[in-house]
Amino acid sequence: MPLSASKFAVSLAGCLLSLLALQALAGVPAQCIVPAKPGGGMDQTCKLAQKALGAHALQVSYMPGGVGAVAWTSIITQRSAEANTLVAYSGGSLLNLAEGKFGKSTTSNVRWVAGIGTDYGMIAVRSDSPYKNLRELMAAIKDKPSQVSIGTGGTIGSQDWLKMAQIAKQSNVDPKSLRLVAFEGGGESFTALLAGHVQAVSGDASEASLHAVGDKIRVLAVLSDARLPGALANVPTAHEQGYDVTWPIIRGVYMGPQVSDADYKKWVNVFQHAMAQPGFDEDRKLHGLYPFAMTGQDLTNYIDKAVINYRQQAKEFGLVR
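Residues numbered from 1 in each chain as written. Predicted model: local features only at pLDDT ≥ 70, side-chain atom pairs only at ≥ 80, totals over all residues. Heavy atoms only, no water.

## A short note on the state of the cysteines
- Taken as a whole and judged by the stated rule, the model has one disulfide.
- Between the sulfur of cysteine 32 and that of cysteine 46 lies a disulfide, 2.1 Å long from S to S. Taking the torsion about the sulfur-sulfur bond, which here is approximately -75°, the covalent link between cysteine 32 and cysteine 46 counts as left-handed. Of this pair, cysteine 32 sits in strand β1 (residues 30-34) while cysteine 46 is found in helix α2 (residues 41-53), placing the two residues 14 residues apart along the sequence.
- You can call cysteine 46 buried: its relative accessible area is 0%. (Disulfide = S-S within 2.5 Å. Helix = DSSP H or I, 4+ residues; strand = E, 2+ residues; numbered from the N terminus. Buried < 20%, exposed > 50% of the residue type's maximum accessible area, 1.4 Å probe, protein only.)

In structure tokens:
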């Protein structure tokens, strides 16, 4: 009896996953590059993809530098046609594109494969911090900005900086007076926070969820429209505390610009199949991410619009090159 179109698509995607596993056994597993150091949201993105596809089919490697710029440049100039190399991206990557931090690159310089989850911004302090909520933290910053250092993944213009800049602006604090300490990703920011090198972190909810388990940090606010489920369920939104700031962050993977249409479509189908599996939602939750699933041309259109919106926000702070 012939397969229906939908059953054929599922069967095809299943075969593609099997093909990836066979390639891995032959010594050529696919690779997911984390464009940051271990422990942050980019790391979680690749590890979620690895969980969905299988550890034997997808290996995780690290290429930190320039808050994603080193990996981006490597893929578009030296590894543009590698059919089994994926790179993690986030909303921060799209903001970098919008601000010109990836040189003259545009969204068309890579092939956008999949968006596999969404994250949200958050502001956190150590659990023994005197600041119990976002208003208390901002009051301290307004009083003595030089005495409250804030860890961020990236320098001025990064998404972590822009989150704090928006909150500062609504607190009548000059964003230029903020004492920000730039790190190569959220993992380093939280390490610095726990060591007492910074007093607060502007980062992502997925990163905070990993550290919140041991009660070593206190998340003051999540930058979402409503409270988030899971480990941060009791954390109020910034909006609840009087700040009209939300910051959703999609996460996913892209490929080099010279990857063939056939290989690109293979990966799009693989991720479509993987995200449709019954256990994927739970795996995504365990990696601190929230529902978002988009692939191929639909994702590319979404990203094009997102970069335009980021550019408009960045212009408000004079960040566009």
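## Here's the deal with the packing of helix α4 (residues 91-99) against helix α11 (residues 296-316)
- One way to put it is that α4 packs onto α11 with a least axis distance of 8 Å and a crossing angle of 65°. Judged by the twist between their axes, the crossing of α4 over α11 is right-handed. Contacts between α4 and α11 involve Gly91, Leu94, Leu95, Leu97, Ala98 and Glu99 on the former and, on the latter, Ile303, Ala306, Val307, Tyr310, Arg311 and Ala314.
- Of the residues belonging to the contact of α4 with α11, the class tally is nine nonpolar, one polar and two charged. (Axes fitted to C-alpha atoms, helices over the stretch in contact; angles between N-to-C directions. Left-handed = near helix turned anticlockwise from the far one by under 90°. Contact = heavy atoms within 4.5 Å. Nonpolar A, V, L, I, M, F, W, Y, C, P; charged D, E, K, R; others polar.)

## Focus: the packing of aromatic side chains
- Considering all chains together, one arrives at eleven aromatic pairs under this definition.
- Members of the aromatic cluster, connected to one another through ring pairs, are Trp72, Tyr89, Phe102, Trp112 and Tyr254.
- In this arrangement the basic side chain of arginine 111 is found over the ring face of tyrosine 264, its NZ or CZ atom lying 4.3 Å from the centre.
- Cation over ring: lysine 169 sits above phenylalanine 317, and NZ or CZ is 5.4 Å from the ring centre. (Phe/Tyr/Trp six-rings, centres within 6.5 Å; stacked < 30°, edge-to-face > 60°. Lys NZ or Arg CZ within 6 Å of the ring centre and 35° of its normal.)

## Observations regarding the packing of helix α7 (residues 186-194) against helix α8 (residues 205-212)
- The geometry of α7 relative to α8 is characterised by a closest axis approach of 10 Å and an angle of 40° between their N-to-C directions. As the angle between them shows, α7 and α8 are arranged oblique. Crossing geometry of α7 relative to α8 is assigned as right-handed. Along its contact with α7, which presents Gly186, Phe190 and Leu194, the element α8 presents Glu207, Ala208 and His211.
- Classifying every residue of the contact of α7 with α8 gives three nonpolar, two polar and one charged. (Parallel < 35°, antiparallel > 145°, perpendicular 65-115°, else oblique.)

## Some points on the side chain of aspartate 160
- Secondary-structure assignment places aspartate 160 in helix α6 (residues 159-170).
- In terms of polar contacts, aspartate 160 uses its side chain to reach the backbone amide nitrogen of glycine 153, at 2.7 Å.
- In terms of polar contacts, aspartate 160 uses its side chain to reach the side chain of lysine 163, at 2.7 Å.
- Not counting chain neighbours up to four residues away, the residues in contact with aspartate 160 comprise Thr152, Gly153, Ser202, Gly203 and Asp204. (Polar contact = N/O pair within 3.5 Å; in protein donor to acceptor, adjacent residues only side chain to side chain.)

## Regarding the pattern of salt bridges
- Summed over the entire model, instances satisfying the criterion amount to 13 salt bridges.
- A salt bridge links arginine 126 to aspartate 128; the shortest N-O distance between them is 2.8 Å.
- Bridged by salt links that share partners, the residues Asp119, Asp160, Lys163, Asp204 and Arg251 form one connected network. (Salt bridge = Lys/Arg side-chain N within 4 Å of Asp/Glu carboxyl O.)

## Section: unusual backbone geometry
- With a phi angle near 60°, asparagine 172 is a residue other than glycine that sits in the positive phi range.
- In this fold, asparagine 172 is placed in the loop between α6 and β6 (179-183).
- Since its relative accessible area comes to 65%, asparagine 172 is described here as exposed.

## Overview of the nonpolar core
- Within the largest apolar cluster, 53 residues are counted, with the highest numbers of intra-cluster contacts made by Trp112, Leu134, Leu137 and Ile141.
- Counting residues in each nonpolar core, the second largest holds 27 residues, with Met42, Leu86, Ala114 and Ala274 among its members. (Core = buried A, V, L, I, M, F, W, Y, C linked by side-chain atoms within 4.5 Å.)

## Overview of the confidence of the model for the protein chain
- The predicted model of the protein chain averages 89 in pLDDT, with 91% of residues at 70 or higher.
- Between the elements of the protein chain, mean pLDDT differs from a low of 47, seen in helix α1 (residues 5-25), to a high of 98, seen in strand β10 (residues 294-295).
- In the predicted structure, residues 1-13 sits below a pLDDT of 50 and forms six contacts with residues beyond four places in sequence or in another chain. (pLDDT = per-residue confidence, 0-100.)

## Details of the environment of asparagine 109
- Assignment of secondary structure puts asparagine 109 in the loop between α4 and β4 (111-126).
- Since its relative accessible area comes to 27%, asparagine 109 is described here as partly exposed.
- Beyond its immediate stretch of four places on either side in the chain, asparagine 109 contacts Trp72, Ile76, Lys104 and Pro257.

## Describing α6
- Compared with an ideal rise of 1.5 Å per residue, which puts twelve residues at 16 Å, α6 spans 17 Å between its outermost C-alpha atoms and is within 8% of the ideal.
- Along α6, ten of the twelve residues are buried, which leaves the element largely enclosed by surrounding structure.
- Those residues of α6 that fall on the buried side of the exposure criterion are Gln159, Asp160, Trp161, Leu162, Lys163, Met164, Ala165, Gln166, Ile167 and Ala168.
- Immediately beyond the C-terminal end of α6, within one or two residues, lies asparagine 172, with a positive phi of roughly 60°. (Expected span 1.5 Å × (residues − 1).)

## Considerations on the pairing of strand β7 (residues 200-204)
- Summarising burial for β7: five of the five residues are buried, a large majority.
- The pairing of β4 with β7 spans four bridges and is antiparallel. In the sheet register, alanine 124 faces β7, and the bridge partner there is valine 201.
- Judged from the three bridges that link them, strand β5 (residues 149-153) and β7 form a sheet pairing that is parallel. Of the residues in β7, the one forming a bridge with isoleucine 150 is alanine 200. (Pairing = 2+ DSSP bridges.)

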